[in-house]
Amino acid sequence: MTKELDTIIIGAGAAGLSAGLYAARGRLNTLIIEKGIIGGQTESTNFIDNYPGSIENSTGPLLTKRMKEQCEQFGAKIVQEEISEIEKLDKGFFIKTNKEEYYTKTIIIATGAEPRLAGFKGEKEYRGKGISYCATCDGDFFEGLDIAVIGGGDAAVEEGIFLTRFANKVTIIHRRDELRAVKSIQEKAFNNKKIDFIWDTVVEEVKGSGIVQSLILRNKKTGEISELKVDGVFVYIGYVPNSGLFKELVDIDEEGYIIGDEEMRTNVPGIFVAGDVRKKSLKQIVTAAADGAIAGVNAEKYISENYK
Ligand code: NAP
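About the criteria used
- Residues numbered from 1 in each chain as written.
- Predicted model: local features only at pLDDT ≥ 70, side-chain atom pairs only at ≥ 80, totals over all residues.
- Heavy atoms only, no water.
- Helix = DSSP H or I, 4+ residues; strand = E, 2+ residues; numbered from the N terminus.
- Buried < 20%, exposed > 50% of the residue type's maximum accessible area, 1.4 Å probe, protein only.
- Polar contact = N/O pair within 3.5 Å; in protein donor to acceptor, adjacent residues only side chain to side chain.
- Pairing = 2+ DSSP bridges.
- Near = heavy atom within 4 Å.
- Areas by Shrake-Rupley, 256 points an atom, 1.4 Å probe, with all protein chains shown as cover.
- Domains from an automatic or database assignment.
- Disulfide = S-S within 2.5 Å.
- Contact = heavy atoms within 4.5 Å.
- Buried area = accessible area lost by both parts, 1.4 Å probe.
- Salt bridge = Lys/Arg side-chain N within 4 Å of Asp/Glu carboxyl O.
- Axes fitted to C-alpha atoms, helices over the stretch in contact; angles between N-to-C directions.
- Left-handed = near helix turned anticlockwise from the far one by under 90°.
- Nonpolar A, V, L, I, M, F, W, Y, C, P; charged D, E, K, R; others polar.

**A look at the side chain of Thr30**
Among the secondary structure elements, Thr30 is positioned in strand β2 (residues 30–34). We classify Thr30 as buried; its relative accessible area is 2%. One polar contact links the side chain of Thr30 to the main-chain carbonyl oxygen of Leu28, over a distance of 2.9 Å.

Structure, rendered in structure tokens:
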């Protein structure tokens, strides 16, 4: 039998959990559907020192746990299901998952983004055999070993610093001669004796015998090819928005981000968007949570204006 809801939030990262909290506090019958890990990127982040109020010992898993508990305390339900179909009806929406069928008055899309693949030879083959996209999940497999981190943004540098807890040495390989990461994070990395940098360089290939043993590198300026012995590789070169499911439903930009206004409304009345899947400039836990709050409140307003 089709279950009826006021709002279905798709994705249980910071944006989805925040939307869940605000929607449930607005007395909406709220369901959060997550196909993967509760907490999304927050769950796989170690130090969170820029979410207001989180200072010492503030880890992603701890923040996720609190967000989830708070959301459930106010009555939001969270299920782990995979959506196969979303249909816009004359009024409301029909959603089918691998387990249930739902009717909902509103939808909040908070599906976030997933790691971008670097595209070098052997990347897919060696995933889980020395190549990882999550330092929190896999860092401790590399105790006393040598690791390379690919990328030059906040994530690469921050997670590179985190990996020095375990690794003998961390080499950050960046395609330019200047990092994109914010200055405070850069300074920490430059002052860390376990971190080396290789500039203007891209990875061409990973080599190994079942597990990663080395990387073939190409200097973009000189064209020089070299080999770097490593035991593990962490790829942090940005994210791709998880918007595939909504391509026929709402307006999406050329990079795949869903377009929403400052009230988190998409072009379809009743569908809102929040967090990293939304086209916006600053992607942080605090902005994801803010998006979620606005979407949750506006879903409630939309229902009170359109369902008398
Ligand atoms: P990002 O800021 O987009 O940086 C991606 C990095 O990877 C850039 O340095 C880029 O090089 C490099 N890159 C991109 N494609 C590449 C390729 N094909 N091969 C080699 N290198 C490539 O991504 P991010 O670091 O994952 O961060 C994503 C968002 O989350 C950002 O808004 C960031 O501020 C935020 N974030 C914030 C924190 C924090 O505040 N503590 C932590 C993590 C993430 P170029 O520099 O040459 O473009």
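**A closer look at the pairing of strand β6 (residues 101–109)**
For β6, a buried count of seven out of nine residues is recorded, marking the element as mostly surrounded by other parts of the structure. In the sheet, strand β1 (residues 3–10) pairs with β6 via seven bridges, with the strands oriented parallel. What sits directly across from Lys3, in β6, is Tyr102. As paired strands, strand β5 (residues 93–97) and β6 are joined by four bridges and run antiparallel to one another. Directly across from Ile95, in β6, lies its bridge partner Tyr102.

**Considering the site of the ligand**
Within the structure, the ligand sits among 17 residues, and Asn50, Asp154, Glu158, Arg176 and Arg180 are positioned closest to it. Interatomic distance of 3.3 Å between a backbone N/O atom of Gly153 and an oxygen atom of the ligand. Protein burial of the ligand: of its 910 Å² of free accessible surface, 77% is covered by the chains. Per-element tally for the shell around the ligand: the top contributor is helix α5 (residues 154–163), with three residues. Counting contributing residues per domain, the shell around the ligand is built from domain 1 (3–114 + 239–306) and domain 2 (117–235), each supplying no fewer than three.

**Some thoughts on the state of the cysteines**
Here is the idea: a disulfide is a covalent bond, and it sits between the sulfur atoms of two cysteines. Scanning all chains against the criterion turns up one disulfide. Note that Cys134 is cross-linked by a disulfide to Cys137, the S-S spacing being 2.0 Å. With the S-S bond torsion at 75 degrees, the cross-link from Cys134 to Cys137 turns out right-handed. A relative accessible area of 10% means that Cys134 is categorised as buried.

**A word on the domain arrangement of the protein chain**
Where interface size is quoted, it is often the accessible area lost as the parts come together. When its domains are assigned, the protein chain resolves into domain 1 (3–114 + 239–306) and domain 2 (117–235). Computed from C-alpha coordinates alone, the two centres of domain 1 and domain 2 are separated by 32 Å. Of the residues lining the interface, six residues belong to domain 1; the matching set on domain 2 comes to nine residues. Together domain 1 and domain 2 conceal approximately 680 Å² of surface at their shared face, both sides included; 48% is due to carbon and sulfur atoms. The largest contributions to the domain 1 side of the interface with domain 2 come from Ser44, Asn46 and Phe47, which together make up 67% of the buried area. The interface formed by domain 1 and domain 2 holds zero salt bridges in total. Inspection of the domain 1/domain 2 interface yields one residue pair in polar contact (both at pLDDT 80 or more).

**Description of the sheet that holds strand β14 (residues 225–229)**
Strand order across the open sheet formed by three strands is β12-β13-β14, with antiparallel pairing between neighbours. Taken across any chain shown, the strands that pair with only one partner, and hence form the sheet edges, are β12 (201–208) and β14. Shown here is a sheet whose adjacent strand axes are inclined to one another by a mean of 30 degrees, direction ignored. Of the strand pairs in this sheet, strand β13 (residues 212–219) and β14 are connected by five bridges, and their pairing is antiparallel. Of the residues in β14, the one forming a bridge with Leu215 is Leu228.

**A look at the packing of α5 against helix α6 (residues 183–190)**
Packing of α5 against α6 brings their axes to within 9 Å, and their N-to-C directions diverge by 35 degrees. Where α5 crosses over α6, the handedness of that crossing is left-handed. Across from Asp154, Val157, Glu158 and Ile161 in α5, the residues of α6 making contact are Ile185, Lys188 and Ala189. Classifying every residue of the contact of α5 with α6 by side-chain character gives four nonpolar, no polar and three charged.

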